[in-house]
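Observations on the three-dimensional arrangement
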Amino acid sequence: MKRSLRLGFIALALATPFSRYEARPAPDVDEESAVLSPCVSVAYVDYYVGSNARWIVDRQNGSVSAWELNRPLPLWSNDGVVFRLSSRRNVAPSRLSATSADSFAPTTEFFGRAYFFLNDASRVPLEGAASPFVRRDDLLLALDLRAQGRLVWKLRARDFARFFASDVSSLQFLPQLELLPNDELLAVVQGDRNIKRFAISAADGTPRLLDAPAQSK
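Residues numbered from 1 in each chain as written. Predicted model: local features only at pLDDT ≥ 70, side-chain atom pairs only at ≥ 80, totals over all residues. Heavy atoms only, no water.

Details of unusual backbone geometry
A positive phi angle is found at Asn182, which is not glycine, with a value near 60°. Looking at the secondary structure, you find Asn182 in the loop between strand S11 (178–180) and strand S12 (184–190). Exposure remark for Asn182: the relative accessible area of 70% places this residue in the exposed category. For Asp183, which is not glycine, the phi dihedral falls at a positive 55°. Structurally, Asp183 is set in the loop between S11 and S12. (Helix = DSSP H or I, 4+ residues; strand = E, 2+ residues; numbered from the N terminus. Buried < 20%, exposed > 50% of the residue type's maximum accessible area, 1.4 Å probe, protein only.)

Written out as structure tokens, the structure reads:
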């Protein structure tokens, strides 16, 4: 009986520190210590890893943040945010979790820039609202890897409306990019009834329609 009580006490003592660690709230982003938070798989957050940073694309808050490659610490700023769609700076961006490394996708990098798709408008869920988050991929960003993630250019899917029928109701990018010669990117925009391919200048974001109909002589 005494042996069973002793073993139970040791097990409780060993388990207690881990229980306290899990229940401890994550530190704020402005603390000097490592920023750790539970990695919750949600539809509106994407994780990427590139040549000089790890990135979090938070579609709900409309932000892109950069993080150190080897430590869960924000890069270039206190909260890591390099692009913010909304002026609401009091909205806390998503934080990097040390346990989320396996969920990182490769960053699309080309011409010294990193490219990300984002929802064109941030979404603040209404209190008590149960509507699911919808990924729209209707904003394309180019961030400068050599200038602390500075925004170089951005393209909205609605900027391509002139290439579609006048009654098109919605436009969005297909979430993929391909490299083309002459420092261009291949982007695909989807309308109500068809999709069209565009060559995008990596330098300034100028689009060029690739599926233009042949001109009659």
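Having put the structure on the table, let's press on.
Quick word on the pattern of salt bridges
Tallying each qualifying case throughout the model produces 12 salt bridges. Linking Arg59 and Asp46 is a salt bridge whose minimum nitrogen-to-oxygen distance equals 3.2 Å. On the criterion of sequence distance, the pair formed by Arg59 in the loop between strand S2 (54–58) and strand S3 (63–67) and Asp46 in strand S1 (residues 45–49) is long-range, its members being 13 residues apart. For Arg59, a relative accessible area of 1% puts it in the buried group. Between Arg193 and Asp167 there is a salt bridge, with the nearest N and O atoms lying 3.4 Å from each other. A residue pair is termed long-range when its members are at least 10 positions apart, and Arg193 in the loop between S12 and strand S13 (195–201) and Asp167 in the loop between strand S9 (150–156) and strand S10 (172–173) qualify at 26 residues. Among the residues examined, Arg193 registers a relative accessible area of 63% and is labelled exposed. (Salt bridge = Lys/Arg side-chain N within 4 Å of Asp/Glu carboxyl O.)

What about the sheet that holds S1?
One open sheet holds the five strands; their spatial order is S4-S3-S2-S1-S5, and the pairing between them is mixed. Among the strands making up the open sheet, the edge pair consists of strand S4 (81–84) and strand S5 (105–106). Note: S3 against S4, three bridges, orientation antiparallel. Its bridge partner being in S4, Ser65 is matched across the sheet by Val81. (Pairing = 2+ DSSP bridges.)

So, the environment of Asn70
Secondary-structure assignment places Asn70 in the loop between S3 and S4. Separated by 16 residues in sequence, Asn70 and Arg54 have C-alpha atoms that sit 8.9 Å apart.

A look at the pairing of S2
With five of five residues buried, S2 is to be regarded as a mostly interior element. Burial of the side chains of S2 extends over both faces: Arg54, Ile56 and Asp58 are buried on one face and Trp55 and Val57 on the other. Pairing geometry for S1 and S2, over five bridges, is antiparallel. Residue pairing across strands places Tyr48 opposite Trp55, the latter belonging to S2. Where S2 and S3 come together, five bridges link them in antiparallel fashion. Paired with Trp55 across the two strands is Ala66, which belongs to S3. Between the end of S2 and the start of S3, which pair antiparallel, lie four residues, with Gly62 showing a positive phi angle near 65°.

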